[in-house]
Amino acid sequence: MHPTQAIRPMIWLSPPHLSGREAHFVKEAFDWNWVAPVGPNIDFFEVELGQYVGKPTVVAASSGTAALHLALMLLGVGSGDSVICSSLTFVASANPILYQGAYPLFVDSEPDGWNMCPEALETALRKSVAVGWRIKAVVLVHLYGMPANMQELLSICERYGVPVIEDAAEALGSRYADRAVGTLGAMGIYSFNGNKIITTSAGGALITATSEQMSRAKYLATQAKDPVPYFSHSTLGYNYRMSNICAGIGRGQLEVLPQRVNRRRQIFEYYRRVLKAEVSLGFQNEPSLGYSNRWLTAVRLMPGVDPERVRQGLWSAGIEARRVWKPLHLQPLYKDAGYVGGEVGATLFEEGLCLPSGSSLSPEDQEYVVSKLLPLLKEEG
Ligand SMILES: *Cc1c(COP(=O)(O)O)cnc(C)c1O
């Protein structure tokens, strides 16, 4: 590099993108000394998120993982039960199944949207019934923000009488049949971790079907305090509520969520247009009723191109890319878990790469990413 050239700052995969309004809500919390897991920001955040997704039964939680754990508890998942879960996902989708002492049964993806394959789900349910497993829930992931094929998946689950928990951790802002994903199943969860489409620094939310479930979730998330004037506990509770400071960040972030979705979709469209012109890549396709927030642009490389080589090449150029999730049925932690499906998820792991997709990515930086990516894709081996 020529010494007069400025050193290029690192381009991250999906960094936080603040609006500036977050500090206003956080300052209010400081001014009123609401520096606790209670306070007005939490109440407002729940109302505002509920308005955005079109369902008022919202519980703000300390993380998406905590929200998912609460969902399993509310559905009565316990020791010896089984829970079906997407295999191609982050480990947090399945860990709460183990927290409850239940058995995960993983299901493969379909190659179009990369989400849970309806045929494989049907097989998993049929086989489970045949051997007498108690399937208490299905955890459906909307991978990288892409809505799963809800119509088919929900109707299969309905036929077997099994409730669906939508893991929409990556999919706030995505829609299916004109409804927010996370509100179509029996329950849904979102994550507001630092790299998600909007952030509270750390946090999550649970969407329940009824207000009774919502109250129960809040009770379980605040150490299960019985309604008496001293400390009495008859159930095992958790410390799972979002803090008032984090909720303040979230209120500022919710104001700009529609812009964040638009920008991520633009970023995806640009990648698709300029990369498709040069190389043959696969992308996640929206189902006919789906609208994705395009949280991350994930590409499927040509067979024979090693995503690890490309990832390292980009890293050397100051660009953070990330491998597609390694399917959970291939994880050492879950080596004893059941699995229904073929090699779709495993192939996506071997051929997939997530590109920088943060809503703060400038057009110039995105051009730079493409300029570094294309030669790596055209290289042999
Ligand atoms: C981020 C994520 C989670 C967990 O959310 P946290 O807020 O980090 O606990 C769960 N599932 C998926 C698919 C995620 O991407």
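Each chain carries its own residue numbering, running from 1 in the written order of its sequence. Only residues with pLDDT of 70 or above have their local features reported here, since the model is predicted, and side-chain atom pairs are shown and tallied only from 80 upward, although totals for entire chains, interfaces and linings are computed over all residues. As a convention, hydrogens and water are excluded, and side-chain values are obtained from all of the structure's heavy atoms.

With that out of the way, let us pick up the overall build of the chain. Strands are runs of DSSP state E lasting at least 2 residues, helices are runs of H or I lasting at least 4, and numbering of each runs from the N terminus. Regarding its fold elements, the chain presents twelve helices and 15 strands. In terms of overall size, the chain behaves like a compact globule, its C-alpha atoms giving a radius of gyration of 21 Å where 381 residues would be expected to give roughly 21 Å. Expressed as a percentage of the 381 residues in the chain, the buried residues total 56%. The contacts in the chain between residues at least 6 apart in sequence include a share of 73% that link residues at least 24 apart. This count recognises Lys and Arg as positive and Asp and Glu as negative, with His and chain-terminal groups excluded. One atom stands in for each charge, and that atom is NZ of Lys, CZ of Arg, CG of Asp or CD of Glu. Of the charged side chains in the chain, 34 are positive and 36 negative, and the gap between their average positions amounts to 2 Å. Our radius of gyration is a C-alpha quantity, and the globule rule it is checked against amounts to 2.2 Å times the number of residues to the power 0.38. A 1.4 Å probe rolled over the protein chains alone gives each residue an accessible area, and that area as a share of the maximum for its type sets the label: buried under 20%, exposed over 50%, partly exposed in between. Every residue pair with non-hydrogen atoms within 4.5 Å of one another is taken to be in contact.

Before going further, it helps to examine the site of the ligand. A cutoff of 4 Å decides nearness: a residue is near a molecule or strand if any of its heavy atoms lies inside that distance of it. Around the ligand, a shell composed of 14 residues is seen, among which Gly64, Thr65, Glu170, Ser191 and Lys196 lie nearest. Contacts to the ligand include glycine 203, whose backbone N or O atom sits 3.5 Å from an oxygen atom. Burial of the ligand by the surrounding chains reaches 93%, relative to a free accessible area of 380 Å². Residue composition of the shell around the ligand, by class: three nonpolar, eight polar and three charged. Residues adjacent in sequence count toward polar contacts only when both atoms are side-chain atoms; beyond that, a polar contact is any pair of N or O atoms within 3.5 Å, and within protein one must be able to donate a hydrogen and the other to accept it. What sets the accessible areas is the Shrake-Rupley method with a 1.4 Å probe; for residues, cover comes only from the shown protein chains. Put simply, Ala, Val, Leu, Ile, Met, Phe, Trp, Tyr, Cys and Pro go in the nonpolar bin, Asp, Glu, Lys and Arg in the charged bin, and everything else, Gly too, in the polar bin.

As used here, a disulfide is simply a covalent bond connecting the sulfur atoms of two cysteines. To count as a disulfide, a pair of cysteine sulfur atoms needs to be within 2.5 Å. Scanning the model with the defined rule gives zero disulfides in all. Cysteine 157 supplies the cysteine sulfur nearest to cysteine 85, a cysteine that is in no disulfide, at a spacing of 12 Å. Judged by relative accessible area, cysteine 85 falls into the buried class, the value being 0%. Left unpaired, cysteine 117 is separated from the closest cysteine sulfur, that of cysteine 157, by 13 Å.

It is worth spelling out unusual backbone geometry at this point. Comment: phi is negative for the bulk of residues other than glycine, and the bulk of peptide bonds are trans. Phi at serine 201 is positive, roughly 80°, even though this residue is not glycine. Here serine 201 shows up in the loop between strand S8 (187–191) and strand S9 (204–207). Serine 201 gets classed as partly exposed once you look at its relative accessible area, which sits at 43%. Positive phi is not limited to glycine here, since alanine 224 has a value of about 50°. The topology assignment puts alanine 224 in the loop between helix H7 (211–221) and helix H8 (244–255). A residue is classified by how much of its surface remains accessible, and alanine 224, at 0% relative accessible area, is buried.

Inspection of the secondary structure assignment puts serine 174 in the loop between strand S5 (164–167) and strand S6 (175–176). When the C-alpha atoms of serine 174 and tryptophan 295 are compared, they prove to be 9.1 Å apart, with 121 residues separating the residues in sequence.

Take the UniProt feature "modified residue: N6-(pyridoxal phosphate)lysine" (unreviewed entry) in the chain next. In the numbering adopted here, UniProt assigns the feature "modified residue: N6-(pyridoxal phosphate)lysine" (unreviewed entry) to Lys196. The residues contacting lysine 196, other than those within four sequence positions of it, are Ala169, Glu170, Ser191, Arg264 and Trp295. Polar side-chain contacts of lysine 196 include one of 3.4 Å to the side chain of serine 191. UniProt positions are given in the numbering used here, feature names are shortened, and annotations may be inferred rather than shown by experiment.

So, on to the sheet that holds S5. Read across the open sheet, the eight strands follow the order S1-S9-S8-S5-S4-S2-S3-S14; overall the sheet is mixed. Of all strands in the sheet, those bounded by a partner on one side alone are strand S1 (58–61) and strand S14 (338–340). Sheet twist, expressed as the mean angle between neighbouring strand axes with direction ignored, is 20°. As defined by bridge partners, S1 adjoins S9 across four bridges and the pair is classed as antiparallel. Pairing between strands requires that DSSP locate at least two bridges from one strand to the other. Axis definition: a line fitted to C-alpha atoms, limited for helices to the stretch in contact. Angles are taken between N-to-C directions and run from 0 to 180 degrees.

Attention now goes to the side chain of serine 86. By the secondary structure assignment, serine 86 is in strand S2 (residues 82–86). We classify serine 86 as buried; its relative accessible area is 5%. A distance of 3.2 Å separates the side chain of serine 86 from the backbone nitrogen of valine 141, its partner in a polar contact. For serine 86, the contacting residues outside a window of four places in its chain are Phe106, Val107, Met116, Val139, Leu140, Val141 and Leu328.

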